[in-house]
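Residue strings, one per chain:
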Amino acid sequence: MPAAWALGAADIGGAEEIQAVPGGLCAPGPPGGGRSNRSGRAPEYLGFVPAPVLPASSDERRKYQERMRKKFQLMRDKNHRPGEHELFQHRFTQLLMLQEYRDKQQKQHELLVQGWKHAEVLEDTGQLTEVSALFDPVQKTGTRPHTVVLQGAAGIGKTTLAIKVMLDWAEGKLYQERFDFVFYLTCRELNTLGDREMSFADLVASDWPGPHAPMREIMSQPERLLFIIDGLDELKFPCNEHRYDLCKDWKQQRPVPILLSSLLRKTLLPEASLLLTTRLTALGKFSPLLENPHHVEILGFSVEQRREYFCKFFRNEDLVEKAFSLLQCNPIVFTMCYVPLMNWIVCTCLKQQERGQDPIQALKTTTALYMCYIDSLTPNDHNFILQHLRGLCGLAAEGIWERKLLFEEEDLRRHDLEAADVSAFLDMNIFQKDSDCEKCYSFIHLSFQEFFAAMFYLMNTDKAGGKSPDSSIPDVKKLLEECKGHASSFVALVVQFLFGFLNAETARKLESKFRCRMSLEIKSKLLQWVQGVAKINYEEFIFSDTSLEDCCCLLYETQDADFVTQALFNIQEMELSPYNDYLILSAGFCIKHCPGIQRISLIIWGNWPDMVQGKRQRHPTEGKESYDNRRSSCTSDAPYGVWQDFFFVVKNNQNLKELQLLGAQFVCGFMDNLCVELRNSNSKLEKLSLENFNLTFSCYQGLISIPSLKSLHLCDISFEDDGKNLSCENVGEKNCQLETLSLTFYHLTSTCSQNFCFVISSTKSLKNLDVRGISSEEGGIKLLCKALENPNCKLETLSLACCHLTSTCSQYLFCCLSSNKSLKKLDLSQNSLDEEGIKLLCKALENPNCMLETLNLASCRLTSTCSQNLFCYLSSNKSLKNLDLSGNSLEEEGIKLLCKALGNPNCKLETLRLSKCALTAACLQDLLPVICSSQNLKTLDLSFNSFGGEGVKLLCNALEKQDCKLQKLNFSQKGLREDSEKALDDLKSRRSFLFLSKKYEDATLAFFDEDAEDTLYS
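Calculation rules
Residues numbered from 1 in each chain as written. Predicted model: local features only at pLDDT ≥ 70, side-chain atom pairs only at ≥ 80, totals over all residues. Heavy atoms only, no water. Helix = DSSP H or I, 4+ residues; strand = E, 2+ residues; numbered from the N terminus. Buried < 20%, exposed > 50% of the residue type's maximum accessible area, 1.4 Å probe, protein only. Contact = heavy atoms within 4.5 Å. Areas by Shrake-Rupley, 256 points an atom, 1.4 Å probe, with all protein chains shown as cover. Expected span 1.5 Å × (residues − 1). Bend = angle between axes of the 7 residues up to and from the residue. Core = buried A, V, L, I, M, F, W, Y, C linked by side-chain atoms within 4.5 Å. Pairing = 2+ DSSP bridges. Polar contact = N/O pair within 3.5 Å; in protein donor to acceptor, adjacent residues only side chain to side chain. Phe/Tyr/Trp six-rings, centres within 6.5 Å; stacked < 30°, edge-to-face > 60°. Axes fitted to C-alpha atoms, helices over the stretch in contact; angles between N-to-C directions. Parallel < 35°, antiparallel > 145°, perpendicular 65-115°, else oblique. Nonpolar A, V, L, I, M, F, W, Y, C, P; charged D, E, K, R; others polar. Salt bridge = Lys/Arg side-chain N within 4 Å of Asp/Glu carboxyl O.

**Student:** I would appreciate a short explanation of the overall build of the protein in the present structure.
**Tutor:** A count of helices and strands for the protein gives 41 helices and 34 strands. Across the 1018 residues of the protein, 57% fall into the buried class. When contacts within the protein are restricted to residue pairs at least 6 apart in sequence, long-range pairs at least 24 apart make up 80% of them. Carbon and sulfur atoms provide 48% of the accessible area of the protein, an area that totals close to 41,800 Å².

Shown next, in the form of structure tokens:
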């Protein structure tokens, strides 16, 4: 499997214990000499690798590699005691990496969602890559990238992956033929240098093992150099303000920001290669600076990799099985663990839980995860340095607003903290001293800083009314405004933690441990803010910068049913498109606690078959029975637990009238459970729409028999014969109210046909049947026609559009029409009907028993002979009121026959559609007298024909002189001249009927939706 390696949340150390992420900027060394020999990049772009640097530097290179190996080969886990270390490679866990940058919209369009569940899909598409291939020629262009951007969410493993590249090179495992020297820089440490002036040689020589680095030789072939720049999103100073003041000489003394900007912009050492890491949210800021960057997205852990992480963490098979089973039984935590950092937190919390407690309950939400960790490490002393904790929270909040992650002692003193005061936080492993930067401190991860920044708003309020005494830090109102104004705001996680603090158990721990309580004022502001965001999404039907999915995530964090109910009190409809598992979980929770919900539309991007079916590898010593039991109690039940919220809603919420589930693929058990809940409940659900599901026949028959259901729409369904059929008494039973059944775009086998037709003939309430797009054997159509002839069948509307009907199928169908008295609307569009078929159709329509009122023959490839037979029938038929012949080339002779039929007093047509029929101005000249004199014709569609300017003149003259009964006319045309457009506009202003001439798609929608007689095509 193509993969990278990651540690998740582990710190790296060397002989001198390095607790922070290393960058090697202890002290700048002496500058090197010599000039850069820039030989051009043409050979690289042709796929060639330049020759190595002169052998004279090989000893120096080995010494430098040994220095880097010693520095990076050891790690110190946050849970280790002082002095404890572990080999880096013993904790490596693979990471999935996807080539190319994809924004959120691209992910949705490509059905690629964040997280582990699409790892298999991505791997099948061949888009995954390996660390060793990062600088290989790009497949699309054949060129070698000189700038590679490793991007991903917080805690996804970007820094660890960068360190892995450095260590592998130092150990001689990676890029030996490509790069002679690799230098590692961290933006966190570059921040501490500020505007200090130095040469680029000074900057990169700080980790050199000797007193003098051979910079002349190193820089002589920049094509053989790789610079790793870790954490661009943490960069404090701007790099986009120096475009006119860049540095080209690696020996020149310049401020650090200019050196970095010059390197990124390829002004300094343009032939060198760059490996950059950044959060996704910072890409927009730095992308304009980079020259042809190659983006690689870190997706996180797959399911197997999560288990591998647990194995390496616990190193005891029994403990691994117990811990991982707990994790699998909680789908929420299991989903979040695609982020490596989350695995470390989960493992730490599970390991530290006391006996008798339910550890998984502490891991339900993101806030609970962090609260569990912090609570487990906080001393029980209630007098625990609370004044210092207040300062720490203020420091965190100030850093968030100022985009600062590394703090100096001056920053601590500003918040009444001294170096000695933070010792307890250092012991708790939530705060750390940076070994490479003296007198500098940081939180162990940005997300922990965001957690304590959220705590600041709880702790830093006075009794008078919640006003922060620290006026330099924006208040909660400004915090929420900042979050609402940006889809990827830098305060988003702070706000999420604030909502998490509303949880009763988390609030109890905050008060008992830290003596801080959520004020009623802040709770009220959070409620008003989320109500406003939800209202915008509901009423305006648009996605604001903070979408409804984001609201659900915030509300889910509270786990407070009453709060969620208040927030969504006025919401009656929810249309959600969750693109990862966590969004699905949060959406279900919110829907469950939205009592006024009447309509739910849920579009699931992608599929999660592995999660549903529990495809975990069975241990060789594990018996099949115990493995199956574990699956049923944990992994396979995880999504069932997710959908329990939806089942609860459809079973208990009597306000819910419509449920739509689209774009998901689930095993049949899901629908079986949903069917059971609907049949055995007081549900008032009236409309159910499902797309891309697997259904058993018994489940399908069960859905038909749901007492309250009036409309069932099934699209792209895979039917499975489970050998179970409901009895005749249950299918179509007396209390069944199903009136509309839609089964579209699926293959109708003979077995399907038997079950399907059995339901049609036995469901007396069924009035509308839509089976457009089905592919069927002739025997299937024959069975359908037999069902239509059944006395119990009361169908009024039938759609067989795009069904590839053969002449034999047409014969069965039209014979059935002769005896059916209930059918009033028939859609045969997009079927190739031959002359014999049209003859049979006309013969059926002439039968006195046939009461058809609406007929759709659009795009049926009607020949002139077909048209002649059809129009002869129109002359004598009194029942047909609506006819659609769009998309058929009727020609002038056909129009003459049509006009003759329309002029017959027996013809009662009220709606006629002739869109895209290749009609000319001559055809229009024949039509207009009939149209103007008709006493019945009310709706006419002549859009997209070849009338031209001459046709416009004919139309305007005819309608100006005569008074017709038309109520709606669609005359949308392409390529009209300005004078013709103006003539139509003038005509429209003077006529009383609805006249449409522009924006065909919008006009047609309004035109036909308002046509009450035409439900078949809306």
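**Student:** How should helix α38 (residues 921-933) be read in this particular structure?
**Tutor:** If you check α38, its first and last C-alpha atoms are 19 Å apart, about what 13 residues at 1.5 Å a residue would give, namely 18 Å. Remark: the principal bend of α38, roughly 30 degrees, maps to L927, with a proline, P929, within the next four residues. Taken residue by residue, α38 has A921, C923, L924, L927, L928, V930, I931 and C932 as its buried positions. Those residues of α38 hidden inside the fold are in contact with α37 (891-902), β32 (939-941) and α39 (948-961).

**Student:** Please explain the nonpolar core as it appears in this structure.
**Tutor:** What tends to happen in soluble globular proteins is that the nonpolar side chains get buried as a cluster. Membership of the largest hydrophobic core comes to 294 residues, with the highest contact counts inside it found for F200, F452, M455, F756 and L942. The element that contributes the greatest number of residues to this core is helix α19 (residues 446-459), accounting for 11 residues. With sequence-adjacent residues up to four places away left out, F200 is seen in contact with M219, F227, W250, Q252, L259, L263, L268 and L269.

**Student:** Explain the pairing of strand β6 (residues 147-152) to me, please; I cannot follow it from the model alone.
**Tutor:** On any regular strand, side chains alternate: one points to one face of the sheet, the next to the other face. Burial within β6 is extensive, with six of its six residues counted as buried. Going residue by residue along β6, you find T147, V149 and Q151 tucked away on one face and V148, L150 and G152 tucked away on the opposite face as well. Pairing of β6 with strand β11 (residues 273-279) involves six bridges; the strand directions are parallel. Considered in β11, the bridge of T147 is made with L274. Judged from the four bridges that link them, β6 and strand β12 (residues 294-300) form a sheet pairing that is parallel.

**Student:** Looking at this structure, how should I read the pairing of strand β9 (residues 225-230)?
**Tutor:** With respect to burial, β9 is a largely interior element, six of its six residues being buried. On β9, burial covers both faces: L225, F227 and I229 on one face and L226, I228 and D230 on the other are all buried. With six bridges connecting them, strand β7 (residues 181-186) and β9 associate as parallel partners. Pairing of L185 across the sheet is with I229, part of β9. Of the pairings in the sheet, the one linking β9 to β11 comprises four bridges and is parallel in character. Each residue of the ladder has a partner; that of L226, found in β11, is S273.

**Student:** When you look at the side chain of R254 in this model, what are you seeing that I'm missing?
**Tutor:** Mapping R254 onto the fold places it in strand β10 (residues 254-255). Of the polar contacts made by the side chain of R254, one reaches the side chain of D245; its length is 2.6 Å. Excluding residues within four positions of it along the chain, R254 makes contact with R196, E197, M198, D245, L246, C247 and L259.

**Student:** So what exactly am I meant to see when it comes to the packing of aromatic side chains here?
**Tutor:** Aromatic ring pairs are described here by two measures, namely the spacing of the ring centres and the angle between the planes. According to the stated counting rule, one finds 31 aromatic pairs in the structure shown. Here Y64 and F183 contribute two aromatic rings whose centre-to-centre distance is 5.4 Å and whose plane-to-plane angle is 40 degrees, an arrangement assigned as tilted. One end of the pair, Y64, is in helix α2 (residues 58-72); the other, F183, is in strand β7, with 119 residues separating them in the sequence. Residue F183 is classed as buried on the basis of its relative accessible area of 1%.

**Student:** Looking at this structure, how should I read helix α34 (residues 807-819)?
**Tutor:** The α-helix advances 3.6 residues per turn, and as a result positions three or four apart in sequence lie on the same side. Along its 13 residues, α34 runs 19 Å from first to last C-alpha, staying within 8% of the 18 Å computed at 1.5 Å per residue. Every buried residue belonging to α34 is among C809, S810, L813, F814, C816, L817 and S818, and all of these are buried.

**Student:** What am I meant to see in the environment of Q967 here?
**Tutor:** Mapped onto the secondary structure, Q967 falls in the loop between α39 and β33 (968-970). For Q967 and L937, which are 30 residues apart along the polypeptide, the C-alpha to C-alpha distance reads 8.5 Å.

**Student:** Can you walk me through the packing of helix α21 (residues 492-500) against helix α24 (residues 548-558) in this structure?
**Tutor:** Each packed pair of helices is defined by two parameters, the angle between the axes and the distance between the axes. Look at α21 against α24: their axes get within 7 Å of each other, and the N-to-C directions meet at 40 degrees. When the interaxial angle is binned, α21 and α24 end up oblique. Facing α21, whose interface residues are V495, Q496, F499 and G500, α24 presents L554, E557 and T558. Tallied by class, the residues present in the contact of α21 with α24 amount to three nonpolar, three polar and one charged.

**Student:** Help me out: how do you make sense of the pattern of salt bridges in this one?
**Tutor:** As enumerated under the stated definition, the model contains 30 salt bridges in all. Among the ionic pairs, R307 bridges to E317, the shortest N-O distance being 3.5 Å. With R307 in helix α11 (residues 303-314) and E317 in helix α12 (residues 317-329), the pair connects residues that are 10 residues apart, well separated along the chain. The exposure class assigned to R307 is buried, which follows from its relative accessible area of 17%. Note on E317: relative accessible area 34%, which makes it partly exposed. Here R307 and E321 are joined by a salt bridge, their closest N and O atoms 1.9 Å apart. Linking R307 in helix α11 with E321 in helix α12, this pair joins segments that are 14 residues apart in sequence. For the residue pair R307 and E321, the accessibility class agrees, reading buried in each case.

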